[in-house]
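Structural overview
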Amino acid sequence: MAVPLKYNFRNLRVRWRLTLATMLGIALVVAVFVMIMALARGLKATYVSTGDPRNLLVLRKGSTAESSSQITRNEVRLIKYLDGIARDTDGEPLASAEILVLINLDRLDRTGTANVLVRGIGPVGLRLRTNIRLVEGRMFRPGLHECVVSRKIANRFANCRVGEQFRSGRTLWRVVGIFEAAKTAYESEIWVDADEARDVFKRNFYGSILIRPVEDTAAVATMIKRMEADKQLSIRVLPETEYYLEQTKTAAPIQWLGGVLAVVMSIGAAFSAMNTMYAAVSARTREIGTLRVLGFRRRHIYVSFLLESVILALLGGAVGCLFSLPLNGMATGTMSWTTFSEVAFEFRITPELLMKGMAFALVMGVLGGLLPARLAARKPVLDALRSA
Amino acid sequence: MTIPGFILRNAFRNKRRLMLTLLSVTLSLFLFTMLQTALRELTQPAQTDESALRVVARHKVSLGNVLPVKHQSRIERIPGVHTCMKLTWFGGIYKDPKDFFPQFAVDADKITDIFSEAQFDPQEMAAFLKDRAACVVGIKTMDRFGWKIGDKITLQGTIWPCDPQLTIRAVYRGGIDETNLFFHHEYMDELCGKPSLCGTFWIRAENAEAIPGLIQRIDETFANTDAETKTETERAFVLEFVSMIGNVKVLIGSICSVIVFTMILVTASTMSMAIRERSREIAILKAIGYDGWQIFSLILAESFGLALTGGVLGCFGAWFGTWLMFQHVNIAAVSNGMFIKFEVTPHIVVSGMLIAVVLGLVSCLAPAYSSIRMSVVTGLKELD
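None of the values given here were measured: they were computed from a predicted structure. (Residues numbered from 1 in each chain as written. Chains lettered and ligands numbered in written order. Predicted model: local features only at pLDDT ≥ 70, side-chain atom pairs only at ≥ 80, totals over all residues.)

Moving on, we get to the overall build of chain B. On a plain count of helices and strands, chain B comes out with 15 helices and twelve strands. A compact globule built from 384 residues should have a C-alpha radius of gyration of about 21 Å, whereas chain B, at 30 Å, is more than 25% larger. The dimensions of chain B, computed from C-alpha atoms along their principal axes, are 95 × 45 × 30 Å. In chain B, buried positions account for 38% of the 384 residues. (Helix = DSSP H or I, 4+ residues; strand = E, 2+ residues; numbered from the N terminus. Rg over C-alpha atoms; globule rule 2.2 N^0.38 Å. Buried ≥ 20, exposed ≤ 12 C-beta atoms within 10 Å, placed from the backbone.)

Another aspect to go through is the interface of chain A and chain B. The partner chain B presents 42 residues to the 47 residues of chain A that form the contact. Of all the elements in the fold, those that place two or more residues in the side of chain A that touches chain B are helix 2 (16-48), strand 2 (95-106), strand 3 (113-121), helix 9 (252-283) and strand 11 (331-335) of chain A. Sort the elements by how many residues they give to the side of chain A that touches chain B and helix 9 of chain A lands first, with 13 residues. A breakdown of the residues in the side of chain A that touches chain B according to their chemical character gives 23 nonpolar, 20 polar and four charged. (Contact = placed C-beta atoms within 7 Å. Nonpolar A, V, L, I, M, F, W, Y, C, P; charged D, E, K, R; others polar.)

Residues A:Ile26, A:Val30, A:Val32, A:Val34 and A:Val58 are the most contacted members of the largest nonpolar core, which totals 157 residues. A per-element tally of this core places helix 2 of chain A first, with 21 residues. Within the second largest apolar cluster, 46 residues are counted, among which are B:Val55, B:Phe104, B:Ile211 and B:Phe237. (Core = buried A, V, L, I, M, F, W, Y, C linked by C-beta atoms within 7 Å.)

We now examine the domain arrangement of chain B. Its domain assignment divides chain B into domain 1 (3-45 + 246-381) and domain 2 (61-227). The C-alpha centroid of domain 2 of chain B is placed 48 Å from the C-alpha centroid of domain 1 of chain B. (Domains from an automatic or database assignment.)

Attention now moves to the environment of B:Leu191. All names here are of chain B. By the secondary structure assignment, Leu191 is in helix 7 (residues 185-191). Assessed through the 17 C-beta atoms surrounding it within 10 Å, Leu191 is described here as partly exposed. Leu191 sits 24 residues away from Thr167 along the chain, and the two C-alpha atoms are 15 Å apart. Once you skip the residues sitting within four places of it in the chain, Leu191 turns out to touch Cys162 and Pro164.

Residues and elements named next belong to chain A. For chain A, the assigned domains are domain 1 (5-48 + 249-386) and domain 2 (62-233). Here the C-alpha centre of domain 2 lies 47 Å away from the C-alpha centre of domain 1. Facing eleven residues of domain 1, the contacting portion of domain 2 comprises 17 residues. Mapped by element, the contributors of at least two residues to the side of domain 1 that touches domain 2 are helix 2, strand 11 and strand 12 (342-346). Here the residues of the side of domain 1 that touches domain 2 sort into five nonpolar, five polar and one charged.

This next bit is on unusual backbone geometry. Peptide bonds are trans in most cases, and residues, glycine excluded, mostly fall at negative phi. Positive phi is not limited to glycine here, since A:His145 has a value of about 55°. Given 16 C-beta atoms within 10 Å, A:His145 falls into the partly exposed group. At B:Ser196, a residue that is not glycine, the phi angle is positive and equals roughly 55°. The topology assignment puts B:Ser196 in the loop between helix 7 and strand 10 (197-198).

Turning our eyes to something else, we now look at the packing of helix 2 (residues 15-43) of chain B against helix 14 (residues 346-373) of chain B. Residue and element names in this part refer to chain B. Close contact between helix 2 and helix 14 brings their axes to 10 Å; oriented N to C, the two are set at 145°. Considering only the axes of helix 2 and helix 14, their crossing is right-handed. Here Leu29, Phe32, Thr33, Gln36, Thr37 and Arg40 of helix 2 come into contact with helix 14, specifically with Ile348, Val349, Ser351, Gly352, Ile355 and Ala356. Grouping the amino acids of the contact of helix 2 with helix 14 by side-chain chemistry returns six nonpolar, five polar and one charged. (Axes fitted to C-alpha atoms, helices over the stretch in contact; angles between N-to-C directions. Left-handed = near helix turned anticlockwise from the far one by under 90°.)

Next up, the structure:
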């Protein structure tokens with residue numbers, strides 16, 4: 001028969017000061033881990049959820065970012081009417097030539113500036129993206145220097161609310177609407193009319209073409225092969241989802257930081273758990289002797305102390321998870337290394353991440369408890385009883 | 001037995017506990033030092049007398065917009081301008097996107113004037129100037145890929161539609177970021193069909209006093225043209241980049257305070273464990289005539305000793321550790337160019353040690369207070 005768990009809980013309660021201090025130490029480590037990982041996860045989730053698997057993105061050959069890619073108007077003409085591109089009911093091909101321009105805007109709190117992506121887009125482009133929702137105002141009208149801004153950008157940059165105007169270069173853009181895009185990377189963009197953007201930003205080319213091919217995989221494969229082999233075209237075709245997936249690498253340094261910090265900090269916390277458990281063992285030497293006399297085996301003692309350490313750590317882990325929870329959904333931003341522009345996203349704490357935090361606490365508990373539990377189990381019965 | 005001997009004996013009475021606590025203090029202060037170093041590297045770009053003379057002009061809309069090359073001659077005519085150099089971010093791929101290092105197309109003949117703090121070999125530079133398809137590379141990138149002078153490399157353009165084939169003709173060391181590659185702007189223009197565009201202009205002012213007026217005059221010169229400029233000091237230019245990464249200060253600052261807080265928690269509980277099991281001895285000390293303050297200073301000395309040893313091990317460990325790391329790891333490559341020097345400064349070590357001092361003081365307060373207040377009789381009654 002194992003030593004009842006109640007015994008461990010009572011012991012933790014009796015030495016509550018020490019228990020609390022150790023628990024809090026573990027809690028803080030778990031909280032830091034969960035928070036940093038939630039940052040990385042939110043950033044990754046933004047890119048993973050962006051793009052429609054049915055769409056293909058056309059960029060200039062060798063280009064890694066839409067913002068620095070160039071597609072000539074001639075290329076646009078050639079690509080638009082290729083076989084294999086789906087058409088709408090009016091017979092218009094579902095191909096959207098777009099331009100992405102980086103502009104520097106003041107932050108809302110006026111602490112500085114950051115680059116934001118302006119996407120020049122047309123009606124077809126809007127139709128190819130299904131998860132866009134206008135939540136305020138109306139869509140822009142071409143020719144009037146109007147734009148719609150994502151909710152996240154509106155919350156982070158100055159003069160981006162409906163009715164306000166912001167200046168870029170010599171042009172004033174009037175914000176006429178706010179959109180949401182289901183937490184995708186589009187939520188870090190400002191949208192304007194494509195031809196107007198080319199005119200204002202002096203681009204005689206486009207940046208990319210988003211196309212929707214027909215639903216026939218074989219036909220699509222031949223189309224892509226033909227496009228990439230065409231001597232007149234110097235382009236690269238890839239699924240829209242893949243383009244965004246590649247950008248999840250932006251989260252790598254954050255993940256790295258989280259991992260290193262968590263490991264080093266957890267070593268410190270495991271030491272503190274070990275200290276606590278050693279103190280517990282030495283204070284209860286007599287009790288250990290008594291338990292042995294009552295018929296509990298060495299392995300029972302061993303398991304009991306190990307369990308106590310694990311309980312201590314798991315309590316700490318749970319508190320740590322609770323500490324981190326208020327951060328869930330909090331908006332923040334960083335720079336994308338692909339486009340050199342601000343990407344706005346949210347901390348994302350998932351049940352899986354909390355489980356990881358708890359697993360982390362468990363490891364700290366086991367590491368902290370192993371040696372003290374062994375010490376407790378090895379105490380000779382008589383010596384233990386004799387000790388003061 | 002002397003007083004210091006007595007304190008030492010007490011400190012070492014439970015060696016295991018001492019070691020565990022010491023190690024966790026060491027680790028915490030090590031982390032603290034490393035994080036502060038990272039923060040410093042990100043938020044305080046190195047400022048030298050030379051870099052203080054440099055200003056950068058970019059397109060007003062954003063760095064993503066390019067400027068016409070014809071701006072250069074107009075900038076050069078502005079009084080106070082010593083040299084004006086085109087500098088364009090090439091952003092090409094060498095073999096694999098993972099092999100990232102910064103590449104710039106520049107006016108080859110002006111690079112030694114602009115980056116005058118870097119050490120260029122005059123003979124090598126002469127060879128670099130003569131060969132249009134030549135490049136000059138920082139020592140760290142040379143070492144990273146094991147390149148030698150005379151090697152040929154190809155960069156695949158991602159922003160500019162050309163793939164320059166370059167011959168390494170010169171190496172530079174010191175002063176500026178040692179991971180850059182510079183090549184002839186003319187060569188890039190030629191390959192890309194002479195677009196007559198460039199990313200930025202780097203300007204060396206004749207003296208520091210001229211800079212504010214210079215910045216204003218450059219921007220005024222191009223106001224209301226198709227390509228307006230925004231000119232700022234090199235330092236402001238770099239800081240703007242850093243600010244875009246996010247609120248690094250808040251992130252690292254809060255992690256550091258969590259670390260310090262956890263460390264205080266751990267050490268304070270160790271100290272109270274250590275003092276509580278000694279309450280009988282403390283009562284005896286009191287009985288033979290030690291007063292509360294003397295006992296307090298004994299406990300304080302012990303906790304100070306613990307904290308300071310941890311501080312020395314942690315902070316100097318980080319100092320030594322980063323130095324050691326530098327001998328074997330190319331930190332710029334590992335961190336994708338984010339960290340270049342990663343230098344632990346005396347200032348950071350001192351602040352780490354100050355935290356150790358505070359730690360020593362704070363962690364003994366609670367146990368010392370209770371043991372001073374405790375009466376001799378209660379203390380003697382304690383069993384364990």
